[in-house]
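The residues making up each chain are set out below.
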Amino acid sequence: NGAQISQAEATIRAAGKQTRYEEEAAFVETAWTQLASQRGITTGSVLAVESFVSDPTVGYAGQFDLMYVEEDLTLVLADIKTGRAVYEKDKVQLVAYAAASQHSPDRLEVLRVDPDQQEWEVSDSDSWAEDPQLLWGKFLEARTALGDISELAAQIMDESAAELG
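Conventions used here
- Residues numbered from 1 in each chain as written.
- Predicted model: local features only at pLDDT ≥ 70, side-chain atom pairs only at ≥ 80, totals over all residues.
- Heavy atoms only, no water.
- Phe/Tyr/Trp six-rings, centres within 6.5 Å; stacked < 30°, edge-to-face > 60°.
- Helix = DSSP H or I, 4+ residues; strand = E, 2+ residues; numbered from the N terminus.
- 1 Å grid on protein atoms, 1.4 Å probe; cavity = no way out; pocket = protein on both sides within 12 Å on 5 of 7 lines; lining within 4 Å.
- Points joined across faces, edges and corners; volume = space filled by probe spheres on them.
- Nonpolar A, V, L, I, M, F, W, Y, C, P; charged D, E, K, R; others polar.
- Expected span 1.5 Å × (residues − 1).
- Buried < 20%, exposed > 50% of the residue type's maximum accessible area, 1.4 Å probe, protein only.
- Arc of directions from axis to C-beta.
- Contact = heavy atoms within 4.5 Å.
- Core = buried A, V, L, I, M, F, W, Y, C linked by side-chain atoms within 4.5 Å.

1. Describing the packing of aromatic side chains
Per the counting criterion, the structure on display carries three aromatic pairs. Look at Tyr-60 and Phe-139: their rings are 4.6 Å apart centre to centre, the planes differ by 65°, and that puts the pair in the edge-to-face class. Here Tyr-60, found in strand E2 (residues 60-69), pairs with Phe-139, found in helix H4 (residues 132-146); they are 79 residues apart in sequence, far enough to count as distant. A network of ring pairs unites the aromatic residues Tyr-60, Trp-136 and Phe-139 as a single cluster.

2. Examining the layout of surface pockets
Its boundaries defined by the atoms lining it, the largest pocket holds a volume of some 470 Å³. If you trace the largest pocket, you find 17 residues lining it, with Phe-52, Ala-61, Ala-153, Ile-156 and Met-157 closest to the centre. Contributions of two or more residues to the lining of the largest pocket are made by strand E1 (46-55), E2 and helix H5 (150-164). At eight residues, H5 tops the list of elements feeding residues into the lining of the largest pocket. Broken down by class, the residue content of the lining of the largest pocket amounts to ten nonpolar, four polar and three charged. The computed volume of the second largest pocket comes to approximately 160 Å³. Every residue lining the second largest pocket is listed: Val-95, Ala-98, Ala-99, Pro-105, Leu-108, Ser-125, Pro-132, Gln-133 and Trp-136. Of all elements in the fold, only helix H3 (88-100) and H4 reach the threshold of two or more residues within the lining of the second largest pocket. Looking at the lining of the second largest pocket residue by residue, the class counts come to seven nonpolar, two polar and no charged.

3. A word on H4
The end-to-end C-alpha distance of H4, which contains 15 residues, comes to 21 Å, matching closely the 21 Å that a straight helix rising 1.5 Å per residue would cover. For H4, the complete set of buried residues consists of Leu-135, Trp-136, Phe-139 and Arg-143. Relative to the axis of H4, the buried residues are bounded by an arc of 100° and lie together on one face. Within H4, the exposed residues directed more than 90 degrees away from the buried face are Gln-133, Leu-134, Glu-141, Thr-144 and Ala-145. Elements in contact with the buried residues of H4: E2 and H3.

4. Some remarks on the side chain of Ser-101
The topology assignment puts Ser-101 in the loop between H3 and strand E4 (107-114). By relative accessible area, Ser-101 is classed as buried at 11%. Setting aside residues no more than four positions away along its own chain, Ser-101 makes contact with Val-53 and Met-67.

5. Remarks on the nonpolar core
Core analysis: the biggest nonpolar cluster contains 21 residues, and Phe-64, Leu-77, Leu-94, Leu-108 and Trp-128 have the highest contact counts within it. A per-element tally of this core places H3 first, with seven residues. When neighbours within four sequence positions are excluded, Leu-77 is seen to be in contact with Phe-64, Leu-66, Met-67, Leu-94, Tyr-97, Ala-98, Pro-105, Arg-107, Leu-108 and Glu-109. Grouped together as the second largest cluster of nonpolar side chains are eleven residues, Phe-27, Ala-31, Val-76 and Leu-111 included.

6. Focus: H3
With 13 residues, H3 extends 19 Å from end C-alpha to end C-alpha; this agrees with the ideal 18 Å at 1.5 Å per step. Here H3 has its buried residues at Asp-90, Lys-91, Val-92, Leu-94, Val-95, Ala-96, Tyr-97, Ala-98 and Ala-100. Contacts made by the buried residues of H3 are with E1, E2, strand E3 (75-82), E4, strand E5 (119-124) and H4.

Have a look at this one:
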């Protein structure tokens, strides 16, 4: 929200990093324009932004960044990451979001933007070395290792509901 952005900008200015912030923000804006153009992402093609998904049968929840549809009606579920690389954990997370979604995406994408290196890339499930089903298996193994988290989940849900008012 606006108050958080104002506080963040004030913190950046106080640290003397305003110029770097402005340069990185300009790069991210340019990168997003190029990325959206390459992928055909438009206001009309976006179906959901920052959407919450959950799977109570497995016991997890999360929030993906973007769902859009391509001209050929391919449904794409995407998550935006910043950093130097796309990691397996990013793909595992995206597979879990897809499994919890009420829709069945045709393709998964990690959209990576790195303002430090001034580069961006799209990593999609059609070109991953890892099979999405194997990634799903890794997620289930990790989730199983956590055991019963129902009390923690209830607490988180209560706190979230309180924050939303």
